[in-house]
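# Analysis of the macromolecular model
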Amino acid sequence: MDNSLLTITDRRTGKNYTLPVDHGTIRATELRQIKEDAEDFGLMSYDPAFVNTASCQSGITYIDGDRGILRYRGYPIEELAEKCRFLEVSYLLLNGELPDEKQLENWIEEVKHHTMLHETSKKFLEGFRYDAHPMGMFVSTVAALSTVYPDAKNVLDPANRRHQIVRLIGKVPTIAAYTYRHSRGFPYVYPDNDLNYAANLMNMLWKMVEPKYVANPVLARALSVLFILHADHEQNCSTNAMRSVASSQADPYLSVAAAAAALSGPLHGGANEQVLLMLDFIGKKENVPGYIEQVKAGKMKLMGFGHRVYKNYDPRARIIKWTADQVFQVTGRSPKLDIALELERIALEDDYFIKRKLYPNVDFYSGIIYQAMGFKPDMFTVLFAIPRTVGWLAHWDEMMRDPEQKIARPRQVYTGQPLRHLPEAKPTLNVAVLV
Ligand SMILES: CC(C)(COP(=O)(O)OP(=O)(O)OC[C@H]1O[C@@H](n2cnc3c(N)ncnc32)[C@H](O)[C@@H]1OP(=O)(O)O)[C@@H](O)C(=O)NCCC(=O)NCCS
């Protein structure tokens, strides 16, 4: 038996077709040869929300959702979170291999070289209202960098792409911190290149009048671990947006802005903020059963639960729980944790959630940690966008090198009106009327 071939019988015509199977997939375009008659366009597959469609081949991140496995470039996420620095993992995602000591040193220096924002970007941020959501400011400021770096339009040049990649990774923490400082009415703090990636972000966020801000090392490490966990997650909604927008050869600032916009939604990266709002709404542990009943009745969602791919356990949630323990030793235990643990306990024993394979995802605990560290809920998704920028850029570069990729353009199944005409009595407009 040949397991690299699929035979299809078209019962409409009685014809048989043999299609090659590669990596567990058939090429959708192979379906087009299956026609009812010569006039027929050919068969298409219909897959709203891409539930069962691979849009690319990728060597970056591997997920086995049924077994709760996540690997970057082959390395288990647990090992990377325990033993690596965030920029080391970024190098791995972008280049395919971990850097040696010298390469890491050079890479860190390179990124540090690009942490400053052009002063006009600061002015741009100042135009936002005092209560503007930081994610809206983040998306717009990243997009605005497109006007500062017109050279980025040369997306077909690999060296130029690399230059923009380093720039973006260097600048996103600065933009994130500036959105926060703007919303608090605090003066902006310039990057400090003595500090590592996470500690520098904390410095730009929280430095006040002290000559040197010293980040708590446990909290800086926890932030780094969270960044590693969030750095990539293969073809999620925002990465798909990145690939789709960049497939038109839009520059990387505009494409990353589009990806960040996709991330902002409450069903994606915006979920971490929603989890905190949900925990506030529940208020105390005793109210958890009542909330679960409302979820089961379809009136609410259990935010931070469920995942399109993970149908077992999100491996990142396990590491996050461990990180939470470290953080709470410094900050004191968050009372929200008790509500979250009770939600998890009840949900994991309840048939509604078991049947639908709903487990805590990465966002269920990350918000509680961020809040304990001193972040406001409206900053949570911005904190997600910083490391995910690396993933978006790794996918962008991979896509630009892939000779099979071209402008992304799905098909549709038209369900609208058949051909019809305007009433003959309706007069033709002349230019004067149009004016
Ligand atoms: C992540 C998410 C968008 C995945 O959606 P999806 O793969 O399209 O799954 P579906 O919406 O088809 O859900 C399947 C079933 O589980 C239910 N479900 C999914 N997530 C749920 C949640 N968080 N709370 C309650 N019920 C949920 C759906 O209502 C549906 O039930 P039904 O079969 O009775 O209609 C979804 O689980 C969700 O909205 N989660 C909350 C937001 C969140 O935490 N997002 C961050 C993801 S990292």
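Source: prediction; values computed, not measured.

Conventions adopted
- Residues numbered from 1 in each chain as written.
- Predicted model: local features only at pLDDT ≥ 70, side-chain atom pairs only at ≥ 80, totals over all residues.
- Heavy atoms only, no water.
- Salt bridge = Lys/Arg side-chain N within 4 Å of Asp/Glu carboxyl O.
- Helix = DSSP H or I, 4+ residues; strand = E, 2+ residues; numbered from the N terminus.
- Buried < 20%, exposed > 50% of the residue type's maximum accessible area, 1.4 Å probe, protein only.
- Pairing = 2+ DSSP bridges.
- Core = buried A, V, L, I, M, F, W, Y, C linked by side-chain atoms within 4.5 Å.
- Contact = heavy atoms within 4.5 Å.
- Axes fitted to C-alpha atoms, helices over the stretch in contact; angles between N-to-C directions.
- Left-handed = near helix turned anticlockwise from the far one by under 90°.
- Nonpolar A, V, L, I, M, F, W, Y, C, P; charged D, E, K, R; others polar.
- Patch = residues over 30% accessible without salt bridge, like charges linked within 9 Å, V, L, I, M, F, W, Y side chains within 5 Å.
- Areas by Shrake-Rupley, 256 points an atom, 1.4 Å probe, with all protein chains shown as cover.
- Expected span 1.5 Å × (residues − 1).
- Bend = angle between axes of the 7 residues up to and from the residue.
- Polar contact = N/O pair within 3.5 Å; in protein donor to acceptor, adjacent residues only side chain to side chain.
- Phe/Tyr/Trp six-rings, centres within 6.5 Å; stacked < 30°, edge-to-face > 60°.

### Observations regarding the pattern of salt bridges
One pass over the full model with this rule turns up 23 salt bridges. For E293, the salt bridge goes to K296, with nearest N and O atoms at 3.5 Å. Placement of both E293 and K296 in helix 12 (residues 288-296) is noted, with a separation of three residues, approximately one turn of the helix. Under the relative-accessibility criterion, E293 is labelled partly exposed at 46%. Among the charged side chains, a salt-bridge network with shared partners connects D10, R12 and E36.

### Here we look at the pairing of strand 4 (residues 69-72)
Examined bridge by bridge, strand 3 (residues 61-64) and strand 4 share four bridges and lie antiparallel to one another. Bridging across to strand 4, Y62 finds its partner in R71. Here strand 3 folds back onto strand 4 in antiparallel fashion, the turn holding four residues, of which G68 has a positive phi close to 65°. Counting the residues between successive antiparallel strands, the hairpin from strand 4 to strand 5 (residues 75-76) contains two residues, one of them, R73, with a positive phi of roughly 50°.

### Here we look at the side chain of E342
Assignment of secondary structure puts E342 in helix 14 (residues 335-349). Using a relative accessible area of 14% as the deciding quantity, one classes E342 as buried.

### Description of the nonpolar core
Within soluble globular proteins, side chains that are nonpolar generally end up buried alongside one another. Core analysis: the biggest nonpolar cluster contains 119 residues, and Y72, I169, M278, L302 and L343 have the highest contact counts within it. Among the elements that take part in this core, helix 17 (residues 380-401) stands out by supplying 13 residues, more than any other. Those residues in contact with M278, other than ones at most four positions away along the chain, are Y291, K301, L302, M303, L343 and F364.

### Describing the sheet that holds strand 4
The three strands are arranged 3-4-5 in an open sheet whose pairing can be described as antiparallel. Looking at which strands have only one partner, the edges of the open sheet turn out to be strand 3 and strand 5. Across two bridges, strand 4 lies against strand 5 in antiparallel orientation. Bridge pairing in strand 5 links Y72 to Y75.

### Quick notes on the packing of helix 4 (residues 119-126) against helix 5 (residues 134-148)
Running from N to C, helix 4 and helix 5 cross one another at 145°; their axes reach a closest spacing of 10 Å. Of the two possible hands of crossing, helix 4 and helix 5 adopt the one that is right-handed. Along its contact with helix 4, which presents S121, F124 and L125, the element helix 5 presents M137, S140, T141, A144, L145 and V148. Tallied by class, the residues present in the contact of helix 4 with helix 5 amount to six nonpolar, three polar and no charged.

### Section: a nonpolar patch on the surface
A cluster of nonpolar side chains, F41, M44, Y46 and V413, forms an exposed patch at the surface whose accessible area comes to about 420 Å². Judged by its relative accessible area of 37%, F41 falls in the partly exposed class.

### What to know about the environment of N240
As for its position among the elements, N240 is in helix 9 (residues 237-246). Along the chain, N240 and W392 lie 152 residues apart, while their C-alpha atoms are 8.8 Å from each other.

### Considerations on helix 6 (residues 158-184)
The periodicity of an α-helix, 3.6 residues per turn, causes residues three or four places apart in sequence to face the same way. If you check helix 6, its first and last C-alpha atoms are 39 Å apart, about what 27 residues at 1.5 Å a residue would give, namely 39 Å. In the structure, helix 6 departs most strongly from a straight axis at K171, where the bend amounts to approximately 35° and where the proline P173 lies between one and four residues downstream. Counting buried residues along helix 6, 21 of its 27 residues qualify, which places the element largely inside the surrounding structure. Between a side-chain oxygen at the N-terminus of helix 6 and the backbone nitrogen of A159 the separation is 3.1 Å; the capping residue is D157. Where helix 6 ends, the next residue or the one after it, G185, has phi of about 75°, a positive value.

### Things to note about the packing of aromatic side chains
One pass over the structure, following the stated rule, counts 16 aromatic pairs. When the ring of Y91 is compared with that of W107, the centres are 6.0 Å apart and the planes differ by 75°; the resulting orientation is edge-to-face. Placement of the pair is Y91 in helix 2 (residues 86-95) and W107 in helix 3 (residues 101-112), with a sequence separation of 16 residues. Look at Y178 and Y188: their rings are 4.4 Å apart centre to centre, the planes differ by 20°, and that puts the pair in the stacked class. Linking Y178 in helix 6 with Y188 in the loop between helix 6 and helix 7 (197-206), this pair joins segments that are ten residues apart in sequence. Just as Y178 is buried, Y188 falls in that class too.

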